[in-house]
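Take a look at the letters that make up each chain.
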Amino acid sequence: MKLGIVGLPNVGKSTLFNSLTKAGAESANYPFCTIDPNVGIVAVPDERLKLLGDLYHSKKVTPAVIEFVDIAGLVKGASKGEGLGNQFLSNIREVDAIVHVVRCFEDSNIVHVDGSIDPVRDIETINLELIFSDIEILERRIAKTAKAARMDKALARELELLGRIKAHLEEGKLAKTFETADEDEEEWFKGYNLLTAKPVIYAANVAEDDLAEDGAGNPFVQKVRENAKGEQCEVFVICAQIEQEIAELDDEEKAMFLEELGLAESGLEKLIKASYSLLGLISYLTSGEDETRAWTIKKGTKAPQAAGKIHSDFERGFIRAEVVNYQDLLECKSLAAAKEKGLVGLEGKEYVVQDGDVILFRFNV
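Described below are features of the structure shown in this document. (Residues numbered from 1 in each chain as written. Predicted model: local features only at pLDDT ≥ 70, side-chain atom pairs only at ≥ 80, totals over all residues. Heavy atoms only, no water.)

### Thoughts on the environment of Val 6
Basically, it comes down to this: Numbering of helices and strands starts at the N terminus; helices are DSSP runs of H or I of at least 4 residues and strands are runs of E of at least 2. Categorising residues by exposure relies on relative accessible area from a 1.4 Å probe, with only protein chains included: less than 20% of the type maximum marks a residue as buried, more than 50% marks it as exposed, and the intermediate range marks it as partly exposed. By definition in these notes, contact holds between two residues if any of their heavy atoms fall within 4.5 Å.
You can see Val 6 is positioned in strand 1 (residues 2–6). You can call Val 6 buried: its relative accessible area is 3%. Excluding residues that lie within four positions of it along the chain, Val 6 makes contacts with Lys 13, Ile 71, Ile 92, Ile 98, Val 99, His 100, Val 101 and Ile 126.

### Quick notes on the packing of aromatic side chains
Threshold: We call Phe, Tyr and Trp rings a pair once their centres come within 6.5 Å, taking the six-membered ring for Trp, and we label the pair stacked below 30 degrees between planes, edge-to-face above 60, and tilted otherwise. Only when the NZ atom of a Lys or the CZ atom of an Arg is both within 6 Å of the ring centre and within 35 degrees of the ring normal do we say a charge sits over the ring.
This model, assessed by the stated rule, comprises 4 aromatic pairs. Aromatic side chains Phe 178 and Phe 189 sit 6.0 Å apart centroid to centroid with 15° between the ring planes, which places their arrangement in the stacked category. Highlighted residues: Phe 178 in the loop between helix 5 (153–170) and helix 6 (183–192) and Phe 189 in helix 6, separated in sequence by 11 residues. Per residue, the accessibility class of Phe 178 equals that of Phe 189, and both read buried. Over the ring of Tyr 326 we find Arg 48, and its NZ or CZ is 5.5 Å from the ring centre.

### Some details on empty space enclosed by the protein
Selection rule: With a 1 Å grid spanning the protein atoms alone, the term cavity applies to any set of points in which a 1.4 Å probe fits but cannot get out, the term pocket to an open set with protein on both sides within 12 Å along at least five of seven lines, and the term lining residue to any residue with an atom within 4 Å of a point. Grid points are joined across faces, edges and corners, and a volume is the space filled by probe spheres set on the points. Three residue categories are used. Nonpolar comprises Ala, Val, Leu, Ile, Met, Phe, Trp, Tyr, Cys and Pro, charged comprises Asp, Glu, Lys and Arg, and polar comprises the others, including Gly.
Summed over all chains, the structure comprises 3 cavities of 30 Å³ or more. If you go around the largest cavity, you meet 13 residues; those closest to its centre are Ile 98, Asn 127, Leu 130, Leu 195 and Val 200. Looking at the lining of the largest cavity, the elements with two or more residues in it are strand 5 (97–103), helix 4 (119–149) and strand 6 (200–205). It is helix 4 that provides the largest number of residues to the lining of the largest cavity, a total of 3 residues. Per-class residue counts for the lining of the largest cavity are 8 nonpolar, 3 polar and 2 charged.

### Here we look at a negative patch on the surface
Rules: Patch criteria: residues need more than 30% relative accessible area and no salt bridge. Like-charged residues are merged within 9 Å; nonpolar side chains of Val, Leu, Ile, Met, Phe, Trp and Tyr are merged within 5 Å. To measure how exposed things are, a 1.4 Å probe is used in the Shrake-Rupley method; for residues, cover is taken only from the protein chains shown. Each reported salt bridge corresponds to a side-chain nitrogen of Lys or Arg within 4 Å of a carboxyl oxygen of Asp or Glu. The sign given to each residue is positive for Lys and Arg and negative for Asp and Glu; His and the chain ends receive no count. Charge positions come from single atoms, namely NZ of Lys, CZ of Arg, CG of Asp or CD of Glu.
A contiguous patch of negative charge, built from Asp 250, Asp 251, Glu 252 and Glu 253, is present on the exposed surface. When its relative accessible area of 63% is taken as the criterion, Glu 252 is described as exposed.

### Here we look at the environment of Glu 265
The condition is simple: The term polar contact refers here to a pair of N or O atoms within 3.5 Å; inside protein, the definition further demands a hydrogen-donor-capable atom paired with an acceptor-capable atom, and it admits residues adjacent in sequence only when both atoms are side-chain atoms.
Within the secondary structure layout, Glu 265 lies in the loop between helix 9 (251–261) and helix 10 (267–279). For the pair Glu 265 and Lys 254, spaced 11 residues apart in the sequence, the C-alpha separation amounts to 9.6 Å. With sequence-adjacent residues up to four places away left out, Glu 265 is seen in contact with Leu 258, Lys 270 and Lys 273. Among the polar contacts made by the side chain of Glu 265, one reaches the side chain of Lys 273 at a distance of 2.8 Å.

### Observations concerning the nonpolar core
For clarity, the threshold we go by: As used in this record, nonpolar core signifies buried Ala, Val, Leu, Ile, Met, Phe, Trp, Tyr and Cys residues forming a set joined through side-chain atoms within 4.5 Å.
Phe 68, Ile 92 and Tyr 202 are the most contacted members of the largest nonpolar core, which totals 70 residues. Apart from residues lying up to four places away in sequence, Phe 68 is in contact with Leu 3, Ile 5, Phe 17, Leu 20, Thr 21, Asn 38, Val 39, Gly 40, Val 42, Leu 268 and Leu 271. Counting 14 residues, the second largest nonpolar core, distinct from the first, contains Ala 306, Phe 318, Tyr 351 and Ile 359.

### Brief notes about the packing of helix 8 (residues 240–247) against helix 9
Put simply, the rule is: With axes taken as lines fitted to C-alpha atoms, and helix axes fitted only over the stretch in contact, angles between N-to-C directions fall between 0 and 180 degrees. We call two directions roughly parallel when the angle between them is under 35 degrees, roughly antiparallel when it is over 145, roughly perpendicular when it lies between 65 and 115, and oblique otherwise. In this scheme the crossing of two helices becomes right-handed for a clockwise turn of the near helix relative to the far one and left-handed for an anticlockwise turn of less than a right angle.
Interhelical geometry of helix 8 versus helix 9 gives an angle of 150° and a closest axis separation of 10 Å. Taken together, the axes of helix 8 and helix 9 lie roughly antiparallel to each other. Taken as a pair, helix 8 and helix 9 cross one another with a handedness that is right-handed. Between helix 8 and helix 9, the contacting residues are Ile 242, Glu 245 and Ile 246 on the first element and Lys 254, Phe 257, Leu 258 and Leu 261 on the second. In terms of residue class, the contact of helix 8 with helix 9 is made up of 5 nonpolar, no polar and 2 charged.

Shown next, in the form of structure tokens:
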């Protein structure tokens, strides 16, 4: 999974990125400090892996990972070349979802590019730049398709679709609210890879005092939540400064620090849950002496396609899957004992993989 972190300058975006990835992107109180996109790979915390690894005495434990791309601070007019212009846009075309960091804290020492704190205005500023960028993509596509469409009915249909999407965006609406008429249109639409069609998670960056009650008393956070309802987006509350402090601690110190703050989990864990929920993702597990590993798939994936995540041969030559829930396996202390209790299923091609399934695939190529 690849997530792009965006936000106006000085909203805590790079501080958050640093704390999530410990990648050390330069963070300073002035715009455009992150000029090249910084990329960090983060392991998805999953206590099931350690428990299974211990059970099998695995030589290696490999978690699922998320790739974060920190994009340079965006300003009004970026699509027309202001600030760093369109440089950042190509960097987020390929992400699965956008994490939009929104400033929900007052601090006279950290200047806001628009002079005041107003998260809804900030969201609209960035949405507008993304819309302008999408319109530019569509205009290029329209110019390219128009010539060939005279002689080709399918291209003529696509040209008409492009015009409808462009008109939708020109009304200030996001591509994700556009409704396609049929499967052909849906396929074309996906192929355009529009920024405003991507799922968004809002990271409401608050001061430390607002963290314990999840921003309940912060009017800025309430505005972000109301705004997100209309856009069908996830929201999570974070204090980038606290996350940076947490990132320096080992696991034991981190648990104590979170307890002192009255928090059940870190911002990273909140973000990962929000990402999985928004993108409809789950993890299944494989475990043995050599390796215990988590594999990320879409909810609703059937066994052969889940096997294909490991290797295309597994999908091509799929015979069956031996499936046991990780909790049952841990309680039985071995696969043999779980089989004796009838807890291991022999599943075929139509089996839909569930979160927490421990699977052994049988295949023949």
